[in-house]
Amino acid sequence: MTNPLAGLFKPRQKEAAGPALYARAVRECGEYLAARDDRSAAAHARLVRAVGVLAASLASLASAGSPGAVPADPGAASADPFDALLRTAERALEAGGEDGLGLALAVTGTATEIRRRSKGAWRLRGLALDGLGRDAEALECYERHLALAGDGGASAEVVRRAATLRRRRECVEAAVALFPEVGSPLREPTAATTARVAPEFAAFVRARVAQYGVGQPEVRRLLRLYGAYRRLVERDGPLVAGDDSDGPRPGGCAPIGVSGLRGLLAGRTVCLVADTEEVAASTLGPEIDRYDVVMRCDSFRLRAPGTGERTDVHAVSLRGATPWEGPAWTRPAGVRLVFGDPAAAWRRAVRQRLVPTAQEHIGDASLRRPLSDPALLGEDGWDGGTTTAFTLLRLLDFLDAGSSLDLIGFRSPGALRPREAEWVMDRATRVDDSKMRIALR
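Residues numbered from 1 in each chain as written. Predicted model: local features only at pLDDT ≥ 70, side-chain atom pairs only at ≥ 80, totals over all residues. Heavy atoms only, no water.

A. Main features of the layout of surface pockets. The computed volume of the largest pocket comes to approximately 1700 Å³. Lining the largest pocket we find 46 residues, and of these G131, A343, A344, A345 and R347 sit closest to its centre. Elements represented by at least two residues in the lining of the largest pocket include exactly α3 (81–95), α4 (97–114), α5 (119–131), α7 (156–177), α8 (194–212), α9 (217–234) and α14 (343–353). Ranked by the residues each element gives to the lining of the largest pocket, the list is headed by α14, at seven residues. The class makeup of the residues in the lining of the largest pocket is 20 nonpolar, six polar and 20 charged. (1 Å grid on protein atoms, 1.4 Å probe; cavity = no way out; pocket = protein on both sides within 12 Å on 5 of 7 lines; lining within 4 Å. Points joined across faces, edges and corners; volume = space filled by probe spheres on them. Helix = DSSP H or I, 4+ residues; strand = E, 2+ residues; numbered from the N terminus. Nonpolar A, V, L, I, M, F, W, Y, C, P; charged D, E, K, R; others polar.)

Here's what the structure looks like:
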């Protein structure tokens, strides 16, 4: 096994190359900031401040070395440039996105060149690589942090993430070992990113199921390994139902997964209500509130005589490049379902936009992309503009749990996209225009 401390315990040289390395880091930060156009974002503002502190600490250090020089910023003279460098990396991680993670990776690369025995530098570098899906490299950095920290000094976050990455690797290795005669890119996953390994694993599973059928013991074992791998990929905090090992629950609510949602709906009457002027102006409110489960999507208005008053399930879709910066979800609901991809953006949005006590349950990672998830519908061809209502409707149709499923107000123009409306009408069992109701079951 490779020693994670190899090369780290050489006598520390004076940081003679430090000024050039620090200057490189400042230049990389400047290039990142110059390329950004979302300067009002809070995370961007924190990063700008961190870069300013780094630059000021370097200027103060340089001026302090000149006889008779007065630091440009006396308050920065006591700042350690290396600490400021690590703080800049932290702020770049908070900024998120591939470019923010890339900046954090560049800055921590500089930090580990300057001080190869810095626990903090290896921790932050591991987190940047982890966020970019570069599992093997992230694990190597985490192991260096753990070796340097010794007993009791390691970051709990690093301990958890390292264990998760090891278990993911073990799932892949065990899966391909079940079928030694089958060639697969999974046999050489060391340099592959999660974005590559995850679909290759899914394709490997589909191919083996098609080849041997689900009755073969090796295939059943493969499906269990794939399920474990999927949970580990999606996992970041307790956003998988039944997993309370990673810290406080987001928004103070309990996660609910596929089986939990199916159990909630089993044998009940369900309606999905459109947020339209026609529904709001109607007198359908009492009828809507008589359903066992009332569902609504995205932003909606409540006018009791027309829309009813209850919201048992509220579904939202994440849109845009930074969906975590949207408004908080303050409408009270029993269950809140958040649809979105990729997983990192979904997790961040859930953590930042949930409001404590506004919901009892939050849909976990197994429910975040029902249309494209091979474990649920697994359909191609539905783009990012698919309406939340249609995504929720397809999930309900797949679960097949309620005793009845009615859509109210979805005949109105714009409530669904044309292709979605066609799918609904092809499967409608009854249409009652007088009550704006389409029955699907």
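B. Fine view of the packing of α5 against α7. The N-to-C vectors of α5 and α7 enclose an angle of 40°; their axes lie 11 Å apart at closest approach. Between α5 and α7, the angle falls in the class oblique. Where α5 crosses over α7, the handedness of that crossing is left-handed. For the pair formed by α5 and α7, the contact residues are R123, L127 and D130 on the first element and E157, V158, R161 and L165 on the second. Classifying every residue of the contact of α5 with α7 gives three nonpolar, no polar and four charged. (Axes fitted to C-alpha atoms, helices over the stretch in contact; angles between N-to-C directions. Parallel < 35°, antiparallel > 145°, perpendicular 65-115°, else oblique. Left-handed = near helix turned anticlockwise from the far one by under 90°. Contact = heavy atoms within 4.5 Å.)

C. Seen up close, α7. Over its 22 residues, α7 runs 32 Å from end to end, which matches the ideal 32 Å to within 8%, given 1.5 Å per residue. Along α7, the residues that are buried comprise V158, R160, R161, A162, T164, L165, R168, C171, V172, A175 and V176. (Expected span 1.5 Å × (residues − 1). Buried < 20%, exposed > 50% of the residue type's maximum accessible area, 1.4 Å probe, protein only.)

D. Here's a closer look at the nonpolar core. In this structure, Y22, L47, F82, L85, L93, L103 and Y142 are the most contacted members of the largest nonpolar core, which totals 39 residues. Those elements giving two or more residues to this core turn out to be α1 (18–34), α2 (42–64), α3, α4, α5, α6 (135–149) and α7. With eight residues, α3 is the largest single contributor of residues to this core. Once residues lying within four places of it in the same chain are set aside, the contact partners of L85 are Y22, A25, L54, V107, T110, A111 and I114. Listed in part, the 36 residues of the second largest apolar core include L261, F339, W423 and L440. (Core = buried A, V, L, I, M, F, W, Y, C linked by side-chain atoms within 4.5 Å.)

E. Examining the environment of L261 more closely. With respect to the secondary-structure elements, L261 resides in helix α10 (residues 258–265). Between the alpha carbons of L261 and L399 there is a distance of 8.4 Å; along the sequence they are 138 residues apart. In this view, L261 contacts I256, L337, L367, L395 and L399; residues no more than four positions away in its chain are not counted.

F. Representation of the pairing of strand β6 (residues 359–363). With three bridges connecting them, strand β1 (residues 254–256) and β6 associate as parallel partners. Bridging from a neighbouring strand, P255 pairs with I362 of β6. Relative to β6, strand β5 (residues 333–339) is paired through three bridges, and the arrangement is parallel. Along β6, the bridge assignment pairs R336 with I362. At this point the chain moves from β5, through α14, to the parallel β6, and the crossover so formed is right-handed. (Pairing = 2+ DSSP bridges. Right-handed = clockwise from strand over helix to strand, strands pointing away.)

G. Inspection of the packing of aromatic side chains at higher detail. Scanning all chains against the criterion turns up five aromatic pairs. Seen in terms of ring centroids, F179 and Y212 are 5.5 Å apart; in terms of plane orientation they differ by 15°. Their pairing is stacked. Here Y212 lies in helix α8 and F179 lies in the loop between α7 and α8, a separation of 33 residues in the sequence. Assessed through its relative accessible area of 30%, Y212 is described here as partly exposed. (Phe/Tyr/Trp six-rings, centres within 6.5 Å; stacked < 30°, edge-to-face > 60°.)

H. Expanded view of the pattern of salt bridges. If you walk through the whole model with that rule in mind, you get 22 salt bridges. The salt bridge involving R46 is made with E94; its shortest N-O contact spans 3.2 Å. Remark: E94 occurs in helix α3 and R46 occurs in helix α2; sequence separation between them is 48 residues. In this structure R46 comes out as partly exposed when scored by relative accessible area, which is 31%. On the basis of relative accessible area, E94 is assigned to the partly exposed category, the value being 30%. Here R437 and D406 are joined by a salt bridge, their closest N and O atoms 3.7 Å apart. (Salt bridge = Lys/Arg side-chain N within 4 Å of Asp/Glu carboxyl O.)

I. Unusual backbone geometry, seen in detail. A cis amide bond links D341 to the next residue, P342, at an omega of 5°. One can find P342 in the loop between β5 and α14. Residues other than glycine seldom take positive phi values, yet T357 does so here, at roughly 75°. Mapped onto the elements, T357 comes out in the loop between α14 and β6. T357 gets classed as exposed once you look at its relative accessible area, which sits at 77%. Even without a glycine there, the phi angle at D400 is positive, about 50°. Following the sequence through the fold, D400 ends up in the loop between α15 (388–399) and β7 (404–408).

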